[in-house]
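The residues making up each chain are set out below.
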Amino acid sequence: MSMMETRKPAGRARRRAYGRLKSVAGFLVVVATTYLGLLAVTFFIGRVVPIDPVLAIVGDRAPAHVVERVRLEMGLNLPYYQQFWLYMKGVLSGDFGTSVLTTNPVMTDIRRVFPATMELATVGTIIGALLGIPLGVLAAVRRGSMSDQVVRIVGLVGYSVPIFWLGLLALLVFYARLGWVSGPGRIDVVFEYTFTPVTGFFLLDAIINRDWAAFRDILSHIILPASLLGYFSMAYISRMTRSFMLNELGQEYIVAARAKGLSEARIIWGHALRNAAVPLITVIALSYAGLLEGSVLTETVFAWPGLGLYITNSLQNADMNAVLGGTIVIGSVFIAINLLSDVLYRMLDPRTRTR
Amino acid sequence: MRDVTMTRREWLLTDRPQSRMQARLGRAYVAWRRFTANRLAVIGLVIILGLVVLAAFAPLLAPHSPYIGDLAKARLLSPGPGHWLGTDDQGRDILSRLIYGSRLTLQVVLLVAVIAAPIGLLVGTVAGYAGGWVDAVLMRITDIFLAFPKLVLALAFVAALGPGIGNAIIAIAITSWPPYARIARAETLTVRNSDYILAVQLMGASPWRIVLRHIMPLCISSLIVRVTLDMAGIILTAAGLGFLGLGAQPPLPEWGAMIASGRRFILDQWWVAAAPGFAILIVSLGFNLLGDGLRDALDPRGSGQ
């Protein structure tokens, strides 16, 4: 009798642990195959699509013995599956080959430029979330009103505008004509030698160094490109917030809260938004990933020394190793962010825990 | 025997249609009424129709040649009579270039839709109907392509294929099909166990026939909505590729490439870069409005969202 009582919960716990292990394992398999696919696609782009991958790397004016040496170095005499194996081993150990343009290993270059992109996307997402969530809530609460329409149109324009063009116009107006912000680049030349990067996130570095003049300068450089990216993500975040909020506001617990006599503000911000917050985190994570992509064009316009500018510069010089390295890094970040938002969702929403 | 006093509207809206055609027309009429009730959607439709008219009658509507400019007298003129949107650095009339550029925009959008939508439809319906390992493999591949950011993947493809509008179209199409596959699969899963599919199965129809004749038609309407909504994104991606010099090559009047060439004069002759960007904005806004309206009209389930 007593044995029965103790065995039962133990068995259930074991079953639950087994189930969780199985779902984690399935999860890992999905991630691994997705990553493998990512590598396969970039391998395909780099080795199979170009008519001659060697020429794509050394250029068409290289002497014949160089071409032959590179061909052997790249292992192009091997069958494709062996090439792919070598390629995969290289990428997984962080070796993307050497950039023709900078003559550095691509990984070194990417490690140098990536913080700039991260910083831009982070500030952009913060701006987008700070504007997008209140606007989305407003649109949902006053559904069908004038303000709902305005939020909708502003969002639609954000979806439809070519971001590089808006960047050019913004530079023209706010930098050239009004002089409110600093122009292209990340930091003024004046600070180039006095400013020591610590984390690679310049705003943080300036705070760590207590260099307030540099901080102001960095801020005035980042504010324009970050606002543009922020507008872009605001369009998405406000639209999703509105739809989540409409969903929550139609639930019965809202009626119950009203019947209890809670204030409207408390119902909206304390009850409805709190329940909408979990899917919103996913939306914000996805828009962050989207900004990493949007940064490719924005960085080109603002001469922002990040991954996007690195990729486009390499493209212009037919530097395939660098282009593919950048593509893999952005793709990996995409996968990681998707994963992270999925895990966060499971952790934060108790309804997804028990299945 | 039709009631003589029945008006055309009543005939369309009757709940006892006498023929297939009447039922179809009636449904189309209801969708049309729902669509036109949405003012923004009608604006979108007008914009897109305007684009089609511009593209079709470009030689009649454009006041000047889009390729040959007057380098001696008409370089970088500001907007005014004669050149309503000014001229570019080679003395070409910007308005005429925009009008001819509408052909390229339409070409990109149509070709991408024609290539990507059938691929997505096929992959999605086959995966959804077959199930099992076919489904697992096809959806894994779809997810891999979804894991890439669209623009970056398109950039890498164009880098490998070489710049040009044809390669840009291929690259965008390759990056566009996965969402269509997802949608088609979801629609297939909702109908695959319904009675009418069971009935066709019992009549001995082959799996291909079921997928092609009985499942695909049901996926079309949600696919059309999604493709329309995607067109704005396709235009923006194509313009971005053009801006980076990877899409249409000069002297083609592609809008993104026009912005790139106007970039050098942005401080003094801002209209050179401003006009094509505005054209992109209007057209992609048009597609977004149209797509939203179509979604509400064709799929009343999602209209509250």
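Residues numbered from 1 in each chain as written. Chains lettered and ligands numbered in written order. Predicted model: local features only at pLDDT ≥ 70, side-chain atom pairs only at ≥ 80, totals over all residues. Heavy atoms only, no water.

**Re the overall build of chain A**
Here's step 1: The secondary structure content of chain A amounts to 13 helices and zero strands.
Here's step 2: On the principal axes, the C-alpha backbone points of chain A span a range of 85 × 75 × 40 Å.
Here's step 3: Relative to its full complement of 355 residues, chain A shows a buried share of 46%.
Here's step 4: Of all intrachain contacts in chain A linking residues separated by at least 6 positions in sequence, the fraction that spans at least 24 positions is 70%.
Here's step 5: Counting every atom, chain A has about 18600 Å² of accessible surface; 65% of that belongs to carbon and sulfur.
Here's step 6: In chain A, which carries 32 positive and 22 negative side-chain charges, the distance between the mean positions of the two groups comes to 15 Å. (Helix = DSSP H or I, 4+ residues; strand = E, 2+ residues; numbered from the N terminus. Buried < 20%, exposed > 50% of the residue type's maximum accessible area, 1.4 Å probe, protein only. Contact = heavy atoms within 4.5 Å. Areas by Shrake-Rupley, 256 points an atom, 1.4 Å probe, with all protein chains shown as cover. Lys, Arg positive; Asp, Glu negative; His and termini not counted. Charge placed at Lys NZ, Arg CZ, Asp CG, Glu CD.)

**Regarding the nonpolar core**
Here's step 1: In terms of nonpolar packing, the biggest core is built from 151 residues, with I45 and L307 of chain A together with L155 of chain B touching the most fellow members.
Here's step 2: Among the elements that line this core, the one with the most residues is helix α10 (residues 207-243) of chain B, at 17 residues.
Here's step 3: Looking at which domains feed residues into this core, each of domain 1 (3-92) and domain 2 (106-353) of chain A supplies at least three. (Core = buried A, V, L, I, M, F, W, Y, C linked by side-chain atoms within 4.5 Å. Domains from an automatic or database assignment.)

**Quick look at the packing of aromatic side chains**
Here's step 1: Within this structure, the stated rule accounts for ten aromatic pairs over all chains.
Here's step 2: Consider the rings of F43 of chain A and Y87 of chain A, whose centres lie 5.4 Å apart with planes at 55 degrees: the pair is tilted. Taken together, the residues F43 of chain A in helix α1 (residues 2-48) and Y87 of chain A in helix α4 (residues 80-92) connect sequence positions 44 residues apart. Comparing F43 of chain A with Y87 of chain A shows no difference in burial state: the two are buried.
Here's step 3: Look at F164 of chain A and F243 of chain B: their rings are 4.4 Å apart centre to centre, the planes differ by 25 degrees, and that puts the pair in the stacked class. Of the two residues, F164 of chain A is situated in helix α7 (residues 163-177) and F243 of chain B in helix α10; the pairing between them involves two chains. (Phe/Tyr/Trp six-rings, centres within 6.5 Å; stacked < 30°, edge-to-face > 60°.)

**Topic: the packing of helix α9 (residues 212-249) of chain A against helix α11 (residues 264-302) of chain A**
Residues and elements named next belong to chain A.
Here's step 1: One way to put it is that α9 packs onto α11 with a least axis distance of 7 Å and a crossing angle of 150 degrees. Here α9 lies roughly antiparallel to α11, going by the angle between them. In terms of crossing hand, the pair formed by α9 and α11 is right-handed.
Here's step 2: Looking at the contact of α9 with α11 residue by residue, the classes come out as 22 nonpolar, seven polar and one charged. (Axes fitted to C-alpha atoms, helices over the stretch in contact; angles between N-to-C directions. Parallel < 35°, antiparallel > 145°, perpendicular 65-115°, else oblique. Left-handed = near helix turned anticlockwise from the far one by under 90°. Nonpolar A, V, L, I, M, F, W, Y, C, P; charged D, E, K, R; others polar.)

**Section: the packing of helix α2 (residues 20-36) of chain B against helix α12 (residues 271-298) of chain B**
Residue and element names in this part refer to chain B.
Here's step 1: Where α2 meets α12, the closest approach of the two axes is 8 Å, and the angle between their N-to-C directions is 135 degrees. Judged by the inter-axis angle, α2 sits oblique to α12. As for how α2 packs across α12, the hand of that crossing is right-handed. Within the contact between the two elements, α2 uses A31, R34 and F35 and α12 uses L290, G293, L294, D296, A297 and L298.
Here's step 2: For the contact of α2 with α12, the per-class residue count stands at six nonpolar, one polar and two charged.

**Comments concerning the domain arrangement of chain A**
Residues and elements named next belong to chain A.
Here's step 1: According to the domain assignment, chain A consists of domain 1 (3-92) and domain 2 (106-353).
Here's step 2: For domain 1 versus domain 2, the distance between C-alpha centres works out to 30 Å.
Here's step 3: Across the boundary between the two partners, domain 1 contributes 13 residues, which contact 13 residues of domain 2.
Here's step 4: With both chains or domains summed, domain 1 and domain 2 bury close to 1100 Å², and 81% of this area falls on carbon and sulfur atoms.
Here's step 5: Applying the counting rule to domain 1 against domain 2 returns zero salt bridges.
Here's step 6: Taken together, the links from domain 1 to domain 2 amount to one residue pair in polar contact (both at pLDDT 80 or more).
Here's step 7: Looking at the side of domain 1 that touches domain 2, the elements that each hand over two or more residues are α1, α2 (53-58) and α4.
Here's step 8: With nine residues, the single largest contributor to the side of domain 1 that touches domain 2 is α1.
Here's step 9: Of the residues that constitute the side of domain 1 that touches domain 2, the class distribution is ten nonpolar, three polar and no charged. (Buried area = accessible area lost by both parts, 1.4 Å probe. Salt bridge = Lys/Arg side-chain N within 4 Å of Asp/Glu carboxyl O. Polar contact = N/O pair within 3.5 Å; in protein donor to acceptor, adjacent residues only side chain to side chain.)

**Observations regarding the pattern of salt bridges**
Here's step 1: Evaluated as defined, the whole model comprises 15 salt bridges over all chains.
Here's step 2: Ionic pairing is found between D109 of chain A and R112 of chain A, a salt bridge with its closest N-O pair at 3.1 Å. Of the two residues, D109 of chain A and R112 of chain A are both situated in helix α5 (residues 106-141); the distance of three residues between them amounts to about one turn of the helix.
Here's step 3: The exposure class assigned to R112 of chain A is exposed, which follows from its relative accessible area of 52%.
Here's step 4: One salt-bridge network, held together by shared partners, links R152 and R239 of chain A together with D292, R295 and D296 of chain B.

**Topic: the UniProt feature "transmembrane region" (unreviewed entry) in chain B**
Residue and element names in this part refer to chain B.
Here's step 1: Per the UniProt record, the feature "transmembrane region" (unreviewed entry) sits at residues 40-62, 108-130, 151-174, 223-249 and 269-291.
Here's step 2: Secondary structure across residues 40-62 comprises 91% helix and 0% strand; the distance between its end C-alpha atoms is 28 Å.
Here's step 3: The span residues 223-249 is 78% helix and 0% strand, and its two end C-alpha atoms sit 32 Å from each other. (UniProt positions renumbered as here; feature names shortened; annotations may be inferred.)

**Things to note about the side chain of Q22 of chain B**
All names here are of chain B.
Here's step 1: Summarising the element assignment, Q22 is placed in helix α2.
Here's step 2: A distance of 2.8 Å separates a polar atom in the side chain of Q22 from the backbone oxygen of W11.
Here's step 3: In contact with Q22, other than residues within four places in its own chain, are W11, T14 and P17.

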